[in-house]
Amino acid sequence: MLIATHGGKFHADDAWAVAVLKVLFPDADVIRTREQARIDAADFAIDVGGVWDPATGRFDHHQKEFNATRPSGVPYASAGLVWRDHGARCVAALALRHTGETLSDDTAQQIAYAIDVDIVQYLDLSDVGVAKNAPGSYGLSAVVSGFNPGWLDEQRLGYGEAVDEYRMGQFMRAVEFLTDIMGNAVRYRVGAMLAVTQVRQAEVLEGGKLLFLKNAALPWSSIVRKEMPKILFVISHSLTENRYILHTVSVDTESFDARADLPETWAGLREADLAAVTGVPDAVFCHTGRFIAAARSYDGIRTMARQALDAVEQGVTVTTYS
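The present account deals with the structure reproduced in this document.

Basis of the calculations
- Residues numbered from 1 in each chain as written.
- Predicted model: local features only at pLDDT ≥ 70, side-chain atom pairs only at ≥ 80, totals over all residues.
- Heavy atoms only, no water.
- Pairing = 2+ DSSP bridges.
- Helix = DSSP H or I, 4+ residues; strand = E, 2+ residues; numbered from the N terminus.
- Axes fitted to C-alpha atoms, helices over the stretch in contact; angles between N-to-C directions.
- Buried < 20%, exposed > 50% of the residue type's maximum accessible area, 1.4 Å probe, protein only.
- Right-handed = clockwise from strand over helix to strand, strands pointing away.
- Phe/Tyr/Trp six-rings, centres within 6.5 Å; stacked < 30°, edge-to-face > 60°.
- Core = buried A, V, L, I, M, F, W, Y, C linked by side-chain atoms within 4.5 Å.
- Salt bridge = Lys/Arg side-chain N within 4 Å of Asp/Glu carboxyl O.
- Bend = angle between axes of the 7 residues up to and from the residue.
- Parallel < 35°, antiparallel > 145°, perpendicular 65-115°, else oblique.
- Left-handed = near helix turned anticlockwise from the far one by under 90°.
- Contact = heavy atoms within 4.5 Å.

**Quick notes on the sheet that holds strand β7 (residues 210-213)**
Two strands in a sheet stick together by hydrogen bonds in their backbones, pointing the same way (parallel) or opposite ways (antiparallel). Reading across the sheet, the six strands line up as β6-β7-β8-β9-β11-β10 and stay open at both edges, with mixed pairing between neighbours. Only two strands of the sheet have a single neighbouring strand rather than two, namely β6 (203-205) and β10 (283-286). Taking each pair of neighbouring strands and ignoring which way they run, the sheet shows an average axis angle of 20°. Bridging between strand β9 (residues 243-248) and strand β11 (residues 292-295) involves four bridges; their strand directions are antiparallel.

Shown next as structure tokens:
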């Protein structure tokens, strides 16, 4: 198996595309060239060759007649073209590698769509010049660009074989970096998917206003916001820190506003000062923003949770939940 992409300066879109194919074909060789004969002989031609034909492994977007865009209108570059045809298989392979989960075709495709929205489309936007280095002034495209040799490297190495070898090494470093990002994105989304059932089955306390999660690492906020409108606070057990955490529930992802805040008298207190106010000897802290507090024991955090709920009922905290 041979993957060809262009020589010279590389970008995030061609590096991402090669990373996808290397996940699926780990033993494939990679060459960087603009020699048409070598490109034609490759199994995949990425960002070079002047042809877009997925059936024959051709994924270039520089030809004059190319005008493919996503349904959203975002244009494709090589990252998006390869991801469109191979992203779901790549997701399935990474899910099995990182989580041990075998995904259905539909689930793998949905995760691939989500990663395109969150990551891949921005690599394409940057490559086609719609956004300089989206997202952000030092976004992923700019980070990958930084792997390229600079003029000081070229001055040190010269402009022949030595710098070409160095650039190839840097390109493969960028591919490995993007493979890690890809794997993290898949692992997070598979984890979130598996967490849904555990959050839904978690113990509900205090008349339906408090939820207890046995693992603080579970991503719970989206499920609680969408499916549990009566929950005002969430207790979770941090296994790594061996303490219990009391969380507020934000009203949406764009705001720090909560359905109910923790008591104002707790704000910014730690250890003995918080223990004195709450009467909980093992109280640890309460954030000044009153969205999180902690205690070392379950009994301690349950006491603090009851106090927080009492404060809501008494109107001491402002409830923004509706």
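**Notes on the pairing of β11**
Neither face of β11 is exposed, since I292 and A294 on one face and A293 and A295 on the opposite face are all buried. Where β10 lies against β11, three bridges are found, and the strand directions are antiparallel. By the bridge assignment, C286 is partnered in β11 with A293. From the end of β10 to the start of β11, which pair antiparallel, there are five residues, and R290 there has a positive phi angle of about 60°.

**Re the pairing of strand β8 (residues 233-238)**
Counting buried residues along β8, six of its six residues qualify, which places the element largely inside the surrounding structure. Across the two faces of β8 the burial is the same, with F233, I235 and H237 and V234, S236 and S238 all buried. Strand direction decides the pairing type here: β7 and β8, joined by four bridges, are parallel. When the sheet's bridge partners are listed, L213 is paired in β8 with S236. After leaving β7, the chain enters helix α8 (residues 221-227) and then returns to the sheet as β8, a path that is right-handed. Note that β8 and β9 share six bridges and pair antiparallel. Among the inter-strand pairings, S236 is bridged to a residue of β9, identified as I245. Following β8, the chain reverses through four residues before pairing antiparallel with β9; N242 in that reversal takes a positive phi of roughly 55°.

**Quick word on the packing of aromatic side chains**
The way to describe two aromatic rings as a pair is by their centre distance and the angle between their planes. Within this structure, the stated rule accounts for seven aromatic pairs. Here W52 and F66 contribute two aromatic rings whose centre-to-centre distance is 5.4 Å and whose plane-to-plane angle is 70°, an arrangement assigned as edge-to-face. Highlighted residues: W52 in strand β4 (residues 52-53) and F66 in the loop between β5 (58-59) and α3 (78-99), separated in sequence by 14 residues. Overall, the relative accessible area of 30% leaves W52 in the partly exposed class. When its relative accessible area of 17% is taken as the criterion, F66 is described as buried. Feature note: the residues F212, Y244 and Y298 constitute an aromatic cluster, connected by ring pairs.

**A look at the nonpolar core**
Nonpolar side chains tend toward joint burial in soluble globular proteins. Judged by nonpolar contacts, the single largest core of 48 residues is most densely connected at W16, I46, W83, V91 and I115. Looking at this core, the elements that each hand over two or more residues are α1 (12-24), β3 (44-46), α3, α4 (105-127), α5 (140-145) and α7 (161-200). Here this core takes 10 residues from α1, the largest share from any one element. Counting residues in hydrophobic clusters, the runner-up holds 24 residues, among them A260, C286, A305 and V312.

**Here we look at the pattern of salt bridges**
On inspection of all chains with the given rule, the structure shows 12 salt bridges. Salt-bridge contacts for D164 lead to R167; the nearest nitrogen and oxygen are separated by 3.8 Å. With D164 and R167 both in helix α7 and three residues apart, the pair spans about one turn of that helix. Through salt bridges with shared partners, one network takes in R70, D116 and D124.

**Brief notes about the sheet that holds β4**
One open sheet accounts for five strands, arranged β2-β1-β3-β5-β4; its pairing is mixed. A single partner strand is all that each edge strand has here, and the edge strands are β2 (29-32) and β4. One ladder, built from three bridges, connects strand β1 (residues 2-5) with β3; its direction is parallel. Paired with T5 across the strands is I46, a residue of β3.

**Some remarks on unusual backbone geometry**
In the Ramachandran plot, D47 falls in the positive-phi region, its phi being about 65° despite a non-glycine side chain. Given the relative accessible area of 3%, D47 is considered buried. The phi dihedral of E271 falls on the positive side, at around 45°, and the residue is not glycine. Summarising the element assignment, E271 is placed in helix α9 (residues 271-278).

**Here's the deal with α3**
The largest bend in α3 comes to about 65°, at H86. Following α3 by one or two positions, G100 adopts a phi angle in the positive range, close to 80°.

**Some thoughts on the packing of α1 against α3**
Relative orientation of the contacting elements α1 and α3 amounts to 40°, with a least axis distance of 8 Å. On the basis of the axis angle, α1 is oblique to α3. Every pair of crossing elements has a handedness; the one defined by α1 and α3 is left-handed. Note on element contacts: α3 touches α1 through S78, A79, V82, W83, H86, R89, C90, A93, L94 and R97, opposite D13, D14, W16, A17, V20, L21, V23 and L24.

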